[in-house]
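Take a look at the letters that make up each chain.
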Amino acid sequence: MEGSTIFASASPNSSPNGRVALAKVSEAHDCPVPRAEDEKPAGASETGEYTCPMHPQIVRQAPGNCPICGMALEPRTPTAAEDSRDLVGMTRRFWVSAALTAVVVLTGMAHLVSPKLMEELLSPRALSWTELVLASPVVLWGGWPFFERGWQSLVNQNLNMFTLIGLGVGVAYVFSVIAATVPQIFPASFRGA
């Protein structure tokens, strides 16, 4: 046998058996040739097979996170009724965090619009605590999935973007907590800025 024929699914009217020949391929190319018994009927899915978009060699029987990079495993064959709990959860985290962040940004930048506005409403110390209280759920609840995956990358000794995000946000948050709770440890020029 000099070559093999590769078939692709087509409309049932394109050929008697519902497939159309695409090309002859030499066996020297080592291309896998689909067999009729390997094909699944239309609408059938490979349930239970999830893979990492960045590391296709990772295949699991249930959803979860990639042990290498921490990304969520995706169904190998997407279906219309795909489980979207992760998407719904991250969307909720995003919108709640965006609302809280908008308030923090407005209070933090109000002095640019009206220098005396925030001083009339809140003392600098009260403003600092208010911003910390509003920012804490954003960092701790909204960013929790990033911290989890960042920790997983440290445990697996495979550093990735989640490590960078978790480390950067964590250090900035700890600095902010220290600055809000014990501002006197910083030079006076830092406290006024």
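Residues numbered from 1 in each chain as written. Predicted model: local features only at pLDDT ≥ 70, side-chain atom pairs only at ≥ 80, totals over all residues. Heavy atoms only, no water.

## What to know about the environment of Pro63
So, point 1. In this structure, Pro63 sits in the loop between β4 (59-60) and β5 (74-75).
So, point 2. Overall, Pro63 belongs to the partly exposed group, its relative accessible area being 48%. (Helix = DSSP H or I, 4+ residues; strand = E, 2+ residues; numbered from the N terminus. Buried < 20%, exposed > 50% of the residue type's maximum accessible area, 1.4 Å probe, protein only.)

## Overview of the pattern of salt bridges
So, point 1. Throughout the structure, instances matching the rule amount to 2 salt bridges.
So, point 2. Here Arg76 ties to Glu49 by a salt bridge, and the two come within 3.1 Å at their closest N and O atoms. Here the residue Arg76 occupies a position in the loop between β5 and α1 (85-113), and Glu49 occupies one in the loop between β2 (19-26) and β3 (50-51), the gap between them amounting to 27 residues.
So, point 3. For the salt bridge of Lys116 with Glu119, the shortest nitrogen-to-oxygen distance reads 3.8 Å.
So, point 4. The exposure class assigned to Lys116 is exposed, which follows from its relative accessible area of 51%.
So, point 5. Taking relative accessible area as the criterion, Glu119 reaches 52% and is therefore assigned exposed. (Salt bridge = Lys/Arg side-chain N within 4 Å of Asp/Glu carboxyl O.)

## Quick word on the sheet that holds β5
So, point 1. Strand order in the open sheet formed by 3 strands is β4-β3-β5, and the pairing between neighbours is antiparallel. Pairing within the sheet leaves two strands with one partner each, and these edge strands are β4 and β5.
So, point 2. Of the pairings in the sheet, the one linking β3 to β5 comprises 2 bridges and is antiparallel in character. Each residue of the ladder has a partner; that of Tyr50, found in β5, is Pro75. (Pairing = 2+ DSSP bridges.)

## Notes on helix α4 (residues 144-155)
So, point 1. Between its terminal C-alpha atoms α4 stretches 16 Å, which fits the 16 Å expected from 12 residues at 1.5 Å a residue.
So, point 2. The elements touched by buried residues of α4 are α1, α3 (124-142) and α5 (161-181).
So, point 3. After α4 finishes, the residue Gln157 shows a positive phi value of roughly 55°. (Expected span 1.5 Å × (residues − 1). Contact = heavy atoms within 4.5 Å.)

## What to know about the packing of α4 against α5
So, point 1. Remark: α4 packs on α5, axes separated minimally by 7 Å, with the N-to-C direction vectors making an angle of 120°. With respect to their mutual orientation, α4 and α5 come out oblique. Relative to α5, the crossing made by α4 is left-handed. Contact with α4, carried on its side by Phe146, Phe147, Arg149, Gly150, Ser153 and Leu154, involves Phe162, Thr163, Ile165, Gly166, Val169 and Gly170 of α5 and no other residues of that element.
So, point 2. Residues belonging to the contact of α4 with α5 are distributed by class as follows: 6 nonpolar, 5 polar and 1 charged. (Axes fitted to C-alpha atoms, helices over the stretch in contact; angles between N-to-C directions. Parallel < 35°, antiparallel > 145°, perpendicular 65-115°, else oblique. Left-handed = near helix turned anticlockwise from the far one by under 90°. Nonpolar A, V, L, I, M, F, W, Y, C, P; charged D, E, K, R; others polar.)

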